[in-house]
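Structural overview
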Amino acid sequence: MTARHLAVTGARAADRRAALDAGGPYEFTTTCHQWLRGPCTALTALLHHYVPEAWEAGPGLVDEHRATLLYLVPDLSERIGPPPPSLVNDTPHEERTRYFAERMIRATSHGVVDFLLAHARRRPGPPPALAFDDVHAASGTEQEFLALLLRRADPRVLRVAVAVGEGPLIPELACAIGEFTDSVAAPATARPAPAPDARAYVRSDCTSDDVEAYAAYRALTEEARAALHDERAAELEARPDRGLLIGAIPNHRERGADPHGAGRRALRTALELCVAIGYSEATVDLGTRGRALCDPDADAEDYCHFTAKAASALVPLGRYEECVSLYRELRRRYPTPRVQMSTSYALAVLHTRFLEPRDHDLALEHMNNARALAALEPDPVLGAYYQVFQDNGLALVAMHRGDLELSHDLTTRGIERLERELPPDRYVVHRSQLLHNRARVRFALGRLDEAYADFTELIARDPHYVEYHVDRANVCRRQGDLAGALAGYDRAVQVSVPMPELFHNRGDVRAEAGDVEGALADFARALDLEPGEPAPRLARVALLIEADRPREALADVRAGLGLLGEDARLLCLAGLAEQALGRPEPARACYDRALAADPSSVPALTDRAVLTFEQGDPRGAVADLTAALALGGEHPDVLYNRGFALAAAGEAGQALADFTRALALPGADLAGLLCRRAECLAGLGESRRAADDLHDLLRLHGAGLLPDAEPAEALGLLKGLDTAGVGGGRDGGGR
């Protein structure tokens, strides 16, 4: 019987624990209740348990995952040493301008799964079993981690049990429980009721589901309840546990005797920690709670801070309208230059990058306002910083408006100004961001050597920041330096938490370099992390077809369709695989399904046209190719194929028109088109024009302008024309 994970459901904690125990034993059991340590309550306890054990067994595995482990639980540095150096970690909080998004947290969760599985595999004895209770009360971040763990962990290597009470689960976790666990309903059992204990309820950090204890707590006077919360908060504040600063401590201080003082300060501390790590949902929650404890007039600075951080965190959650609403509230409430400047900048970014439809003109209006207000700052250091910061925003808008040269000039001037006017140790992170933005603009402008130099400088400043390595690898790839690109991606994988796009991109370069097995391994790794991501799936299927492994490609297509539904791109590839297996009717069915799923799919039309032509129906192929051109616009390859099909259908004049139009388009296959057009001209009795085309082809080849073209076909066609006595070129000479 195949081993399975376990899910226990039950309304009462005591019943769930009894059912968990019956499915055990477990070497590690923890609660996930986010009121204890915030977004990573269970992860914190889990890593505190296993990282020291792994360190003692040999530090290599911990060193391999150091960035992941210390990103989530910085306290572990006391046991395993510091994290890899980074500009952000070494920058004063008030000067930090780079923050991480939700995808960083998800990738870090993947890194924890990697660590746990690797540690479990190298341990002797039976597979470890882990139990997580109060999953319904876990943060979305922790529920996401549990979903990944259930999906990726083989129960024969690491067995997982989750216990869920009455509460919402994110869809991904609900699906993982349904697919990867055996579910058990915890039977309700009668137990002697303990004496109601309000203190015990508070000391559970308000996570107990003992209704009698909660009733006793509610029966206390407001002053007595506040005293219990303050007592518990003081006890927790004495512990060296950073997680408590995000969860239990602010919860208690909010309910203590001084919510507007001590409570607000505790929430702000928690907010800063969550902003730094990238806990977007927690940041929104803490910001909202902090705003509620502020008097907007007397506590204006805190009110603005809680509001702005909550608004910023709404962006990665896709809650743009709520974000705009918060910024506009600040603009109505505070007529101060800094508030108006910062909100103008934020709204400009929203309009140029996130809101639909994009409004780059409105973004420019907001950014110009921010720039004008920045000029009012009297402090010379802050004034220079604020003005360059807004200029960087103007560069972003200029880029989105298509003016790359202006974007380049603004970032370059900003870099030079900060070097002139700021001490070298101030706003170091923002300086690196300016240089990064200029490097990307240079890449977009095709100034590849300069972009490479900028990325190299960035890597020297901050060698563990993954985007710099990826971006420089992209420059190498554009330059045709596949070895340099691979070296860059290798380093990016080494310094990063596991991100599927890194493995997908490296796989593409490996495939381009001819390393089929290496590319397939990278695509497989990307799909192990995120099987629902279409890009690595499509890349792997295409590579398997190219490598003449159509049966494996079809198996991958079936897996992808199970996750993505009727995806037209996958169905097109399925059609190609069926054709490679010599099965034209199943191939046609795949193309028909692709068009049913996406009637605008140009690849489905062109692939079906090729199949139709091969089955002896050139006019049917012409119909599909005509539809493809109507949908996708003129493309040289599609025109080439339609011209070829028209010629086969006896429509030489129309074929000639297609070949002629294709020759005028960028990316055209000049050699093939000139040969095909020559054939049409000869068939229409215009042998001299045909010979002119063939001589043009041979001249281009001789000049090295068509280095990959094979002149044999042109020579053969010319020989045929010579036999007919029309071989002279436009200059009267033979060839």
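Here the structure is a predicted model, which is why all the values come from computation and not from measurement. (Residues numbered from 1 in each chain as written. Predicted model: local features only at pLDDT ≥ 70, side-chain atom pairs only at ≥ 80, totals over all residues. Heavy atoms only, no water.)

Okay, the overall build of the protein next. Looking only at helices and strands, the protein features 39 helices and 5 strands. With the C-alpha coordinates aligned to their principal axes, the bounding extent of the protein is approximately 110 × 75 × 45 Å. Within the protein, buried positions represent 52% of all 735 residues. Taking as baseline every contact in the protein between residues at least 6 positions apart, the subset at least 24 positions apart corresponds to 62%. Split by element, the accessible area of the protein, about 32600 Å² in all, is 53% carbon and sulfur. (Helix = DSSP H or I, 4+ residues; strand = E, 2+ residues; numbered from the N terminus. Buried < 20%, exposed > 50% of the residue type's maximum accessible area, 1.4 Å probe, protein only. Contact = heavy atoms within 4.5 Å. Areas by Shrake-Rupley, 256 points an atom, 1.4 Å probe, with all protein chains shown as cover.)

Here the focus is the pattern of salt bridges. A full pass over the atoms with the stated rule returns 71 salt bridges. We note a salt bridge from Asp-134 to Arg-16, for which the minimum N-O separation is 2.8 Å. Taken together, the residues span a long stretch of sequence, with Asp-134 in the loop between β3 (129-133) and α8 (140-152) and Arg-16 in helix α1 (residues 13-22) at a distance of 118 residues. Both residues of the pair, Asp-134 and Arg-16, belong to the buried class. Across the pair Glu-231 and Arg-199 runs a salt bridge, and its minimum N-O distance is 2.4 Å. Here Glu-231 is found in helix α12 (residues 222-237), whereas its partner Arg-199 is found in helix α10 (residues 198-203), with 32 residues between them in sequence. (Salt bridge = Lys/Arg side-chain N within 4 Å of Asp/Glu carboxyl O.)

It is the contact of helix α18 (residues 320-333) with helix α19 (residues 337-354), at a shortest axis distance of 9 Å, that shows an interaxial angle of 155°. As far as their axial angle goes, α19 and α18 are roughly antiparallel. Of the two elements, α18 crosses α19, and the hand of that crossing is left-handed. Residues Tyr-320, Cys-323, Val-324, Tyr-327, Leu-330 and Arg-331 of α18 pack against Val-339, Gln-340, Thr-343, Ser-344, Ala-346, Leu-347, Leu-350 and Phe-354 of α19. Taken together, the residues that form the contact of α18 with α19 break down as 10 nonpolar, 3 polar and 1 charged. (Axes fitted to C-alpha atoms, helices over the stretch in contact; angles between N-to-C directions. Parallel < 35°, antiparallel > 145°, perpendicular 65-115°, else oblique. Left-handed = near helix turned anticlockwise from the far one by under 90°. Nonpolar A, V, L, I, M, F, W, Y, C, P; charged D, E, K, R; others polar.)

Our focus in this paragraph is helix α20 (residues 360-374). For α20, spanning 15 residues, the distance from its first C-alpha to its last is 21 Å, which sits close to the expected 21 Å at 1.5 Å a residue. Residues of α20 that are buried: Ala-363, His-366, Met-367, Ala-370, Leu-373 and Ala-374. Each buried residue of α20 sits inside an arc of 120° when the element is viewed along its axis, so together they form one side. With a side-chain oxygen positioned 3.4 Å from the backbone nitrogen of Asp-361, the residue opening α20 is Asp-359. (Expected span 1.5 Å × (residues − 1). Arc of directions from axis to C-beta. Polar contact = N/O pair within 3.5 Å; in protein donor to acceptor, adjacent residues only side chain to side chain.)

Here we take up the packing of aromatic side chains. Tallied over the entire structure, the rule returns 13 aromatic pairs. Summarising the aromatic geometry, the rings of Tyr-201 and Tyr-214 are spaced 5.2 Å apart at their centres and angled 65° between planes, so their arrangement reads as edge-to-face. Taken together, the positions of Tyr-201 in helix α10 and Tyr-214 in helix α11 (residues 211-219) put the pair 13 residues apart, joining distant regions of the chain. Within the aromatic cluster, the residues linked to one another by ring pairs are Tyr-345, Tyr-385, Tyr-386, Phe-389 and Tyr-427. The residue whose ring lies beneath Arg-225 is Tyr-217, and the NZ or CZ to ring-centre distance is 5.8 Å. Taking the ring centre of Phe-443 as reference, the NZ or CZ of Arg-478 above it sits at 4.3 Å. (Phe/Tyr/Trp six-rings, centres within 6.5 Å; stacked < 30°, edge-to-face > 60°. Lys NZ or Arg CZ within 6 Å of the ring centre and 35° of its normal.)

In this section: the sheet that holds strand β5 (residues 181-185). Taken in spatial order, the 5 strands line up as β2-β3-β4-β1-β5 in an open sheet, and their pairing is parallel. Each edge of the open sheet is held by one strand with a lone partner, namely β2 (28-31) and β5. The mean angle between the axes of side-by-side strands here comes to 15°, regardless of whether they run parallel or antiparallel. Sheet analysis places strand β1 (residues 5-9) next to β5, joined by 5 bridges and oriented parallel. Each residue of the ladder has a partner; that of Val-8, found in β5, is Val-184. Strands in contact with α1 are β1, β2, β3 and β4 (159-164); relative to β3, the strand with the most contacts, it is inclined by about 170°. With respect to the sheet, helix α3 (residues 41-57) is in contact with β2 and β3, its orientation differing from that of β2 by roughly 155°. (Pairing = 2+ DSSP bridges.)

Structurally, His-5 is set in strand β1. In terms of polar contacts, His-5 uses its side chain to reach the backbone carbonyl oxygen of Ala-153, at 2.9 Å.

What follows is about the nonpolar core. Core analysis: the largest hydrophobic core is formed by 81 residues, its most contacted members being Leu-46, Phe-115, Leu-116, Phe-132, Phe-145 and Leu-149. In terms of residues, this core owes the most to one element, helix α7 (residues 102-122), which gives 9 residues. Sequence-distant contacts of Phe-145, defined by excluding residues within four places in its chain, comprise Leu-43, Leu-46, Ser-109, Val-112, Val-113 and Leu-116. Grouped together as the second largest cluster of nonpolar side chains are 52 residues, Val-557, Cys-572, Ala-577 and Leu-697 included. (Core = buried A, V, L, I, M, F, W, Y, C linked by side-chain atoms within 4.5 Å.)

On to the side chain of Asn-251, then. Structurally, Asn-251 can be placed in helix α14 (residues 248-254). In this structure, Asn-251 is in contact with Trp-35 and Arg-289, ignoring residues within four places of it in sequence.

Our focus in this paragraph is helix α16 (residues 280-292). Compared with the 18 Å implied by 1.5 Å per residue over 13 residues, the 19 Å span of α16 between its first and last C-alpha is a close match. Those residues of α16 that fall on the buried side of the exposure criterion are Ser-280, Ala-282, Thr-283, Val-284, Leu-286, Gly-287, Arg-289, Gly-290 and Arg-291. Looking at the buried residues of α16, the elements they touch are α7, α14, α15 (259-277), α17 (300-314) and α18.

Interhelical geometry of helix α29 (residues 534-546) versus helix α30 (residues 550-564) gives an angle of 160° and a closest axis separation of 8 Å. Judged by the inter-axis angle, α29 sits roughly antiparallel to α30. Relative to α30, the crossing made by α29 is left-handed. Of α30, the residues touching α29 (which contributes Pro-534, Arg-537, Arg-540, Val-541, Leu-544 and Ile-545) are Pro-550, Glu-552, Ala-553, Asp-556, Val-557, Ala-559, Gly-560, Leu-563 and Leu-564. Residue composition of the contact of α29 with α30, by class: 10 nonpolar, 1 polar and 4 charged.

Right, let's get into unusual backbone geometry. For the peptide bond that leads from Gly-24 to Pro-25, omega is 5°, which places it in the cis range. Along the polypeptide, Pro-25 turns up in the loop between α1 and β2. Omega for the peptide link from Glu-356 to Pro-357 comes to -5°, which places this bond in the cis form. When you line up the elements, Pro-357 lands in the loop between α19 and α20. In this model, Asp-205 sits at a positive phi of 60°, which is unusual for a non-glycine residue.

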